[in-house]
Structures are given as structure tokens and as C-alpha cells.
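# Secondary and tertiary structure notes
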Amino acid sequence: MDAAGSRHYPEKPEKVYLFGTCLIDLFCPEAGMNAVRLLEREGIEVLFPADQTCCGQPAHSSGFPEQARAVALAQFRLFPEAWPVIVPSGSCAGTMRRHYPAMFADDPRLLAQATALAERVFEFSEFLVHVARVTLGDQGGPARVALHTSCAARREMGTHEHARSLLAQLAAVEVVLHEHESECCGFGGTFSLKHPAISSAMAGDKVDALKETGAETFVSADCGCMLSLNHTLQKRRDGFQGQHLATFLWQRTGGEGGRR
Amino acid sequence: MSARDRILQRLRAAPQGKAPLAPDVPAFYDALGAAAPAGTRASRIALFCEKMAFWHGEVVRVTRDKWPQKLHELCLAKGVRSLLYGPQSEHAAALVAAGIDGLKPYDRPVGEWKKALFEDTDAGLTATRGGIAETGTLIVWPDASEPRLMSLVPPIHFALLDADQLHDTLFDAMRVQRWSDGMPTNALLVSGPSKTADIQVTLAYGAHGPKELVVLLLVNEEEMQ
Amino acid sequence: MNSQPLSFVPASEFKQRAAAAVADDHLRKSFRGAMDFLINKRAAQFPDPAALESQRSLAEHIRKYSLARLPELLEQLEQKLVANGVQVHWAENAEEACAIIVGIARRHSTKLMVKGKSMVSEEVELNHAMADAGIEALESDMGEYIVQLDGEKPSHIIMPAIHKTREQIARLFAEKVPGAAYTDSVDELIGIGRAVLREKFMSAEVGLSGVNFAVAETGTLCLVENEGNGRMCTTVPDVHIAITGIEKVVEKLEHVPPLFGLLTRSATGQAITTYFNMISGPRKPDEKDGPGEMHLVLVDNGRTQAYSDEQMRSTLQCIRCGACMNHCPVYTRIGGHAYGTTYPGPIGEIISPHMLGLAATHVLPTASSLCGACGEVCPVRIPIPELLVRLREEAQHDARPGHAPMVGQGAAKSRLADAIWSGWAAMYTRPALYRAFGWLATRFRALTPPMQGGWTVSRTPMKPARRTLHELMAERE
């Protein structure tokens with residue numbers, strides 16, 4: 001496994017594939033669209049294979065490897081060209097990059113395909129920093145923002161510093177650290193359904209810590225964490241809400257006209 | 001078939017992939033040593049004193065000829081009325097000659113005088129086999145002349161440590177002293193007085209063993225400060 | 001009599017216990033505070049991430065190497081110990097382990113056995129067996145003494161009484177320790193424990209200890225401790241019985257320093273403990289103290305099951321530092337008792353199924369968000385999250401082809417779950433069906449159920465967007 005920082009990054013490509021993820025597809029498509037817009041603004045053509053569904057993670061982490069493999073396999077053939085595959089979610093990117101090879105370890109042919117695909121998978125913020133090498137021109141007013149980095153981004157993809165470095169490019173944005181910053185928000189996919197009491201306690205603590213910073217909003221590059229925290233806040237009738245990193249960056253940099 | 005045989009049989013029946021090579025522990029420590037500035041006698045003494053102080057151990061530097069006198073002073077200062085020692089030990093004669101009051105020889109099996117040992121002994125003196133600078137640690141190998149409980153039961157443990165016997169790391173000490181050639185019935189590493197943090201992670205000293213550890217560090221005249 | 005409740009409570013009640021624990025503000029605060037303290041102490045010991053990784057690599061290598069040679073090393077250990085005058089016993093399960101120890105104690109007409117800290121003795125429920133045999137088994141580690149005094153079990157493998165405040169312990173001592181006046185000074189409380197236990201060390205016929213590392217080449221049992229009670233238990237009574245899991249053996253003495261250094265730094269953020277006690281045999285004829293008789297009980301209790309699978313074997317790399325629980329956001333919220341098993345937290349979730357069977361424990365591997373904090377701090381690099389996923393699979397399916405079934409294999413199998421995941425896979429492998437579902441879900445978003453199981457306990461319901469990303473992207477064409 002390559003540790004954070006040791007990955008070899010390619011030159012900026014002409015085209016990329018976007019793997020939108022099932023959560024973004026159904027619950028926060030705007031985050032996906034903003035990721036596309038940011039990439040296109042960098043002069044990169046975004047290909048969105050219409051047959052994509054899900055990386056297979058929910059079944060994989062629930063102990064249903066056969067179903068996870070079937071769904072993962074259905075994604076393999078959707079990215080035939082050698083373009084990078086951009087995933088705007090740390091945990092889905094982690095599944096494709098880290099777990100696909102292990103999931104197909106017993107079949108040399110599929111293992112080769114899984115490994116080849118895994119090599120091309122980039123988490124969205126990682127891609128912006130290391131491959132697209134974006135320069136962001138902040139066009140918004142002064143803002144205090146907290147950042148929640150997903151556990152998968154942190155530990156499987158080593159990409160938690162990437163969101164931070166993107167936000168650091170925004171001149172008027174102050175990123176504030178919250179207590180227990182590296183701690184899980186309690187989402188954990190089916191964990192939040194199976195163990196609601198524990199998951200709620202974790203989400204509650206995370207929300208409290210984010211709010212205590214006095215930030216106006218929080219940003220996350222992981223849709224699952226963001227939804228879990230936003231819905232927790234909504235249940236508390238709290239107006240404090242988080243945004244996907246792609247959406248935040250797109251808005252801060254002025255949308256279409258906001259190049260650099 | 002015995003439990004032993006069944007357990008071993010199950011272990012042997014388990015699939016084994018490629019056997020890992022033996023870990024090269026010496027190479028690991030050699031590489032660490034090569035990367036750091038070489039430890040000198042002075043740096044080892046300084047580091048040992050710093051670390052032992054961190055563990056709440058008291059280090060008293062003294063020259064080889066003056067330690068009995070220094071120990072006498074320390075006993076008076078700490079109000080030690082009885083000092084346990086090993087009458088067959090190398091330093092027994094010097095100790096007796098120093099005229100310390102209340103010298104108490106550990107001269108019979110513990111079963112014959114457990115209560116007196118536990119309840120009526122203020123301090124014990126033992127030799128050490130050396131020390132470890134990195135962690136501020138004493139190497140104590142109890143034996144027939146200095147039994148195990150001398151460094152455990154009395155509230156104060158005085159330990160003689162020759163600065164010549166300071167090693168950089170535990171691994172170095174093991175290697176230089178060739179521990180793997182044969183271990184005694186009991187060997188100890190001691191880093192400070194007994195302690196516990198079991199009540200609300202608050203440190204308290206003297207949990208079950210000594211409340212004080214005083215190291216008489218035997219140094220050369222010029223190393224006294 | 002210091003009888004303790006059975007450590008194992010039904011897994012079916014895990015969720016209720018967890019819910020009660022998270023609702024207990026006091027418990028939440030004390031665990032959070034204590035875990036933060038331990039996390040920070042550990043972090044201070046590892047200022048250089050690269051150096052830590054090289055230490056972890058070596059430690060992992062030593063553990064994997066030792067496990068690969070486990071049967072030979074156990075035989076070598078036994079041979080050396082016997083040559084050193086130690087009697088070696090083997091126990092396949094908890095009952096056998098207890099029977100061996102009760103037998104030894106009875107041969108010596110034991111009334112009192114003092115115990116140094118041993119999680120394996122907790123695992124085999126030794127205190128119960130001793131009580132049944134009419135022999136007092138007294139814990140002498142301060143934390144263990146405190147929880148035993150209150151009829152409880154340890155809530156942490158390194159800090160047994162971490163769930164208790166100073167004030168609770170003060171009241172407990174005043175109530176339960178004969179002649180003790182009320183005090184809430186930590187020094188005075190420890191002083192009370194010291195005085196009580198010193199009497200016991202003197203009168204006990206048998207001392208029991210665990211083992212941190214067993215060295216095959218010299219037949220040496222290593223014990224790690226700060227208090228000195230371990231030394232008391234292994235030195236003062238006439239008989240010393242050590243009990244350990246079969247996985248604790250290493251080949252050489254030189255394998256000990258890297259593991260020991262990581263153990264104490266990972267556990268409590270100490271560069272070393274006060275005592276490192278290396279015992280290679282009973283008292284020799286000319287020696288004046290130390291036990292005249294010494295025993296080692298090697299316990300399987302499910303370890304060979306973990307060993308029989310190459311992936312799950314890594315569970316046995318564990319050196320019991322507790323860093324995984326200190327860093328676990330779930331453990332921090334619910335504490336150790338909620339798990340209901342001897343070993344709580346992430347290591348407990350992966351080892352308990354081997355000891356107690358999946359039927360009793362299948363809920364435990366699900367009690368993790370798979371955040372990965374445990375695997376990240378594990379000094380011997382046990383891939384805990386991967387093992388949790390594997391156990392979730394084993395609990396819900398028959399054994400993989402060519403693999404022996406685990407005890408309780410498939411205990412959580414459910415037709416409903418099978419149907420849900422098969423249906424899920426059917427939809428997610430059929431893009432047209434998937435898009436149709438997206439179309440319907442977005443068009444009928446107003447009909448989204450307001451109650452969504454566990455999700456809506458503390459969250460508003462998830463509601464599909466007006467259009468899926470698929471549609472939005474298709475519209476751009």
C-alpha cells in the first residue's frame with residue numbers, strides 16, 4: 001500500500017471519468033455537478049458513464065462479499081480508457097482503491113482488472129491538488145469554516161490534508177480546527193442503522209465540536225458524513241449546516257466566471 | 001490424546017503460507033545506533049539521571065570509595081532505622097565498616113521471618129548488574145546473596161549502580177551481558193519506585209513496592225557534577 | 001467472599017447496555033477524559049511517525065514470525081521451562097484451565113490465592129472456579145482490587161477501574177474495607193490498599209500471574225507492571241502459577257525489547273514500566289525467597305480456531321496494549337462493561353467470537369463504524385477493520401469453501417438480510433433498473449418514509465433530491 005504522499009501522480013489529463021457514487025447520485029447530486037464544473041473549469045473533459053451505480057461498499061462492509069463483488073464487477077467495464085477515475089467521496093474512493101484488489105484476490109484475471117482500475121482511482125480533492133494542480137481564486141467575503149475529513153479519506157486514502165490545502169488557497173477563508181478532529185462522525189454506513197444509540201452519540205459529539213469553533217459552516221469531502229451531520233443538526237432544528245467540498249469551492253471561486 | 005497433543009495438532013493442521021524470515025533485531029538497533037550520535041559515557045550518565053528523575057527515582061552521584069559513607073548520611077537523613085543487606089554480597093564488608101545503625105542481614109529463608117521483613121524493615125540495599133540510559137532503568141538480578149524481596153518489600157530501595165555498566169538501550173544490555181546464554185531464576189528491570197494510576201489516572205507512588213528508589217551512581221571524581 | 005458476576009452477558013442485550021451507557025453523562029465524561037489522557041500520553045511517545053512505523057514493522061514481523069512457528073516454539077518453551085524446574089500444563093478451554101489451577105491450589109491446602117493482573121484469568125472465569133472450590137482469589141492490582149471489591153469486572157484491560165471516580169472509590173473503601181476511615185485522597189486510598197494487600201501477600205499460599213511474553217530459548221516468563229503486586233504474587237507465596245494464552249510465546253530474548261517498548265508506549269504512554277519481571281524458574285536450593293514451586297498453564301480457549309485461518313490468525317499478534325480501545329470512538333462512548341466480554345473494544349470484538357462463539361458474540365463485530373482508528377494505532381498492525389468485516393461475513397454465512405466452520409458459524413444468518421442484499425445487488429448490477437429506481441425515488445420524494453429505522457433516532461429522514469446526478473448529467477448531453 002502506498003502511504004499518503006508516496007503515490008506517483010500523473011500529468012494533468014485531457015479527460016477524466018467521474019464515479020458519482022450512489023449517495024451523491026440520489027441525495028446530493030449538486031455536489032457531483034459542482035465537482036464536474038470545477039474539473040471542467042480546469043479544462044478537463046468529464047466523462048460520466050451512465051451505467052454506473054455503486055462501488056459495492058455497503059454490502060462489503062456488512063459482510064456480504066458476494067453481493068459486493070457482483071456490484072463492483074458491474075463497474076469494472078465502465079472505464080475502458082486509461083483516464084483517471086475521480087470519486088468525490090473518500091470512502092467510496094477507498095473501497096475502489098484499497099479493497100477492490102483484496103475482493104478479487106482469488107481470481108487472477110479479475111484481480112488484474114481490479115488492480116488496474118484501483119491504480120486510476122483518485123479521491124476528488126486529491127486529484128485537484130496533485131493532478132489538476134488547481135489554483136483557486138477566492139471571491140467570497142471573510143468566513144470561518146470547519147473541516148470534517150472522513151475516516152476513509154484519512155486512513156485509506158491519506159487524503160485528509162488535500163481538502164485542507166485546497167481550503168488554504170482561499171484567501172478570505174479561515175479554517176478552524178475542532179476538538180477531536182480526527183474522530184469518526186458516527187456515520188459508518190449501516191453502522192448508523194444497526195447501532196443508532198452509539199452512532200447518534202458520536203454524531204452529536206461531532207456536531208457539538210464543529211459548532212463550538214464558531215464556524216459559519218463546515219465542509220466535508222464525504223457525502224455520507226455530511227448527510228449524517230446535517231440531518232442530525234436538522235433534527236435539533238439547528239441552522240448550522242455543512243457543504244460538500246466541491247460545492248463550497250465552486251461557490252467561493254465564483255462559479256463559471258471564477259477561474260483562478 | 002492429551003490437551004497438549006490436541007492443541008499442537010490443531011496448530012500443525014493450520015495452513016501455513018510462506019514462512020517469514022527471522023526478524024533481524026540486531027540490525028534494527030544497529031541502524032538506530034548508526035543514525036544517532038554515538039552514546040558517550042557522559043551522555044549515558046546524563047540521560048540516565050534525567051530519565052530516572054522522571055520516574056521519581058533519586059540519583060546520588062558518589063565515588064567508589066565514598067558510597068558507604070554517603071549511604072550512611074542518606075540513612076540518617078531519611079530516618080532509616082533498619083537497613084536490609086545481603087551478608088554474603090560483595091559490598092557487605094564495606095557496608096559493615098561504614099558503621100550504619102540497624103544493619104539487618106537477609107540471612108535466612110523468607111518463610112522464617114516474613115512478618116519482620118515486611119513490617120519492620122525501613123530500607124534495603126542491593127547491587128545492580130547495570131543500567132539503561134534510554135529509559136532510566138536498573139538491571140537487578142537477585143540471587144542467593146541478595147534475594148528477590150530486598151528490592152521490593154522495604155519502603156526505600158537503595159541501589160548501587162556502577163556508571164561503567166550503563167548501556168544505551170535494553171537491547172544493548174542484553175547483547176553485551178549475553179543474557180541469552182542463561183537467565184537467573186529472576187531478573188528485573190526497575191525504573192523508579194512502585195506506582196499506580198489506577199484511581200482516576202492520578203499517579204501515586206508506593207503502590208505495593210518501595211515508595212522511594214535511591215540510586216547511588218558510582219562515578220569518577222571528575223564526574224561528580 | 002469476593003465472588004464476581006459472570007463476565008459474559010448475552011450479546012442480545014449489547015444494544016440496550018450501549019444505549020444506557022451513552023445516556024450516562026457521567027460515564028461518558030469519565031471515559032472521554034481518561035481516553036484523551038491516554039491518547040495524548042501515547043502520542044507524546046511517538047514524535048517521529050517514520051520511526052514509529054519502523055518499530056511497528058519490526059514488531060509485526062516478530063509477532064508474525066512467532067505465530068508461524070508457534071507449535072515448535074511452544075514445545076521449545078515447555079522443554080526449557082521443565083528443564084528450569086517449572087511444571088507446564090495445557091488447557092483446551094476455560095474449564096480445563098480452572099480445573100488445573102484449582103487442583104494445584106487444593107494440593108497445597110490453599111485458603112487464599114493472591115492474583116497479579118491477568119486478563120486470561122478473567123477470560124477463564126478463574127475467580128468463580130476458585131470460589132466454587134472454597135478458595136479466596138484476591139485481586140492485588142489496585143484497579144482490579146477496586147473492581148473486585150465492588151463486585152464488578154474490569155472495564156479496560158490496562159486500567160480496570162477507569163470507569164470509577166475518586167469519590168466513588170473513596171465511598172467504596174469506607175464501606176467495604178474493614179477499619180478504613182473515609183478519605184478521598186488518592187495517596188491515602190492507595191495506602192489503604194497497600195496495607196490490606198501486604199497482609200494478604202504474606203498469608204497467601206498461592207500467587208497467580210499472567211504473562212506478557214514467554215521466551216522459548218531461555219524458558220523465561222516476562223511480566224510488565226508498575227505497582228509491584230505482580231512481583232509480590234510471583235515471589236512471596238510458596239507456589240506461583242502463571243497463566244497465559246498460547247500465542248504469547250516468542251523465540252528469542254532479543255525479540256522482547258521491541259515488543260516491550262511498543263507495549264508500554266502504546267498502552268499508557270510510558271517509555272517503560274516500573275518493573276519488568278523476568279522469571280525463569282522456582283527458587284533454587286540456596287536462594288532465600290521466591291516460590292518453591294512454579295507452574296505455567298497454557299490456554300487455548302478458541303485461539304487455535306483463530307489460528308486455523310490465515311487472515312484471522314493476525315488476531316493473535318495482539319500484545320494487549322489497549323491502544324485500540326483508547327482510540328475507539330465506540331469504546332469511548334460506551335465504556336468497557338457494555339461489551340459484556342472480558343476483552344472490550346476493538347480487540348474484544350475480534351477475539352471474543354473465537355473464545356465464546358459467534359452465536360453469543362455476533363453483534364460485537366458490527367459495533368464499529370470501521371473508522372480505522374484501531375488499526376492505525378495497533379503497534380503490531382493487526383488489520384482490525386478487515387477482521388471485523390470478515391467476522392460480519394462469517395456470522396451471516398456458511399463457512400467459505402475449504403474452511404472449517406467457526407463455533408457459531410452463520411449464527412446471524414437471516415433470510416431478510418439475504419433478501420435485502422440480494423435485492424440490492426440485483427438492482428445495482430442492472431443500470432436500467434437502478435436509473436428507474438432513481439427516477440421514481442426523485443419523482444415521489446414527497447412519499448419518503450418519515451421514520452427510517454435507526455437513522456431517524458437522532459436525524460431527520462433522508463430525502464432524495466429532485467433529480468439524480470445521472471439525470472442531471474444526461475440532460476447536459
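Residues numbered from 1 in each chain as written. Chains lettered and ligands numbered in written order. Predicted model: local features only at pLDDT ≥ 70, side-chain atom pairs only at ≥ 80, totals over all residues.

Glancing now at the interface of chain C and chain B. Contacts between the two partners involve 72 residues from chain C, matched on the other side by 62 residues from chain B. When its residues are assigned to classes, the side of chain C that touches chain B shows 34 nonpolar, 18 polar and 20 charged. (Contact = placed C-beta atoms within 7 Å. Nonpolar A, V, L, I, M, F, W, Y, C, P; charged D, E, K, R; others polar.)

Residue and element names in this part refer to chain A. Where strand S5 (residues 143-148) meets strand S6 (residues 173-176), four bridges bridge the pair, whose relative direction is parallel. From the neighbouring strand, valine 145 faces S6, where its bridge partner is valine 175. Bridge analysis of S5 against strand S7 (residues 217-220) gives four bridges, and the strand direction is parallel. By the bridge assignment for S7, valine 145 is matched with threonine 217. (Pairing = 2+ DSSP bridges. Helix = DSSP H or I, 4+ residues; strand = E, 2+ residues; numbered from the N terminus.)

Interface extent is often summarised as the accessible area lost during association of the parts. Counting from both sides, the interface comprises 52 residues of chain A and, opposite them, 48 residues of chain C. Elements with a contribution of two residues or more to the side of chain A that touches chain C: helix H1 (22-27), helix H2 (29-41), helix H3 (57-62), helix H4 (65-76), helix H8 (151-155), helix H10 (191-194), helix H11 (196-212) and helix H12 (223-235) of chain A. Split into classes, the residues belonging to the side of chain A that touches chain C amount to 27 nonpolar, 18 polar and seven charged.

Here we take up the arrangement of the chains. Where two pairs of chains are in contact, the pair with the most contacts is made of chains B and C. There is a gap between chain A and chain B: no contact, and a shortest C-alpha distance of 15 Å.

Before going further, it helps to spend a moment on the domain arrangement of chain C. Per the domain assignment, the segments making up chain C are domain 1 (11-96 + 208-304) and domain 2 (415-476). Distance between the C-alpha centres of domain 1 of chain C and domain 2 of chain C: 50 Å. (Domains from an automatic or database assignment.)

On to the domain arrangement of chain A, then. All names here are of chain A. Its domain assignment divides chain A into domain 1 (15-130) and domain 2 (143-257). A C-alpha centroid distance of 21 Å is found between domain 1 and domain 2. At the level of secondary structure, the elements contributing two or more residues to the side of domain 1 that touches domain 2 comprise H1, H2, H3, helix H5 (90-103) and helix H7 (124-130). In terms of residue class, the side of domain 1 that touches domain 2 is made up of 13 nonpolar, 10 polar and six charged.

With that settled, the discussion passes to the packing of helix H3 (residues 49-68) of chain C against helix H12 (residues 256-268) of chain C. All names here are of chain C. Following both chains from N to C, one finds H3 and H12 inclined at 120°, their axes separated by 9 Å at the closest point. One finds that H3 runs oblique with respect to H12. H12 is crossed by H3, and the crossing has left-handed handedness. Between H3 and H12, the residues in contact are Gln55, Leu58, Ala59 and Ile62 and Pro258, Leu259 and Leu262, respectively. (Axes fitted to C-alpha atoms, helices over the stretch in contact; angles between N-to-C directions. Parallel < 35°, antiparallel > 145°, perpendicular 65-115°, else oblique. Left-handed = near helix turned anticlockwise from the far one by under 90°.)

A few words on the pairing of strand S4 (residues 206-209) of chain C. Residue and element names in this part refer to chain C. Of the two faces of S4, the one carrying Val206 and Leu208 and the one carrying Gly207 and Ser209 are both buried. Two elements, strand S2 (residues 112-115) and S4, share three bridges in a ladder whose sense is parallel. Across the sheet, valine 114 pairs through a bridge with glycine 207, a residue of S4. When S4 meets strand S7 (residues 239-245), the two strands line up parallel, connected through four bridges. Counterpart to valine 206 in the pairing with S7 is valine 239. (Buried ≥ 20, exposed ≤ 12 C-beta atoms within 10 Å, placed from the backbone.)

Time to look at the nonpolar core. Counting 289 residues, the largest nonpolar core has Ile86 of chain A, Val215 and Leu216 of chain B together with Ala97, Cys222 and Val297 of chain C as its most contacted members. When residues no more than four places from it in sequence are discounted, the contact partners of cysteine 222 of chain C are Val211, Asn212, Phe213, Val215, Val256, Phe276 and Met278 of chain C. (Core = buried A, V, L, I, M, F, W, Y, C linked by C-beta atoms within 7 Å.)

On to the sheet that holds S6 of chain A, then. All names here are of chain A. Strand order in the open sheet formed by four strands is S6-S5-S7-S8, and the pairing between neighbours is parallel. For this open sheet the edge positions go to S6 and strand S8 (242-244), each flanked by a neighbour on one side alone. Direction aside, the axes of adjacent strands within the sheet are offset by 35° on average.

The next point concerns the sheet that holds strand S4 (residues 123-127) of chain B. All names here are of chain B. One open sheet holds the six strands; their spatial order is S1-S12-S7-S4-S2-S3, and the pairing between them is parallel. Where the open sheet ends on each side, the last strands, each with one partner, are strand S1 (58-63) and strand S3 (103-105). For this sheet the average axis-to-axis angle between neighbouring strands, irrespective of direction, equals 25°. Here three bridges tie strand S2 (residues 83-85) to S3, and the two strands are oriented parallel to one another. Among the inter-strand pairings, leucine 83 is bridged to a residue of S3, identified as leucine 103.

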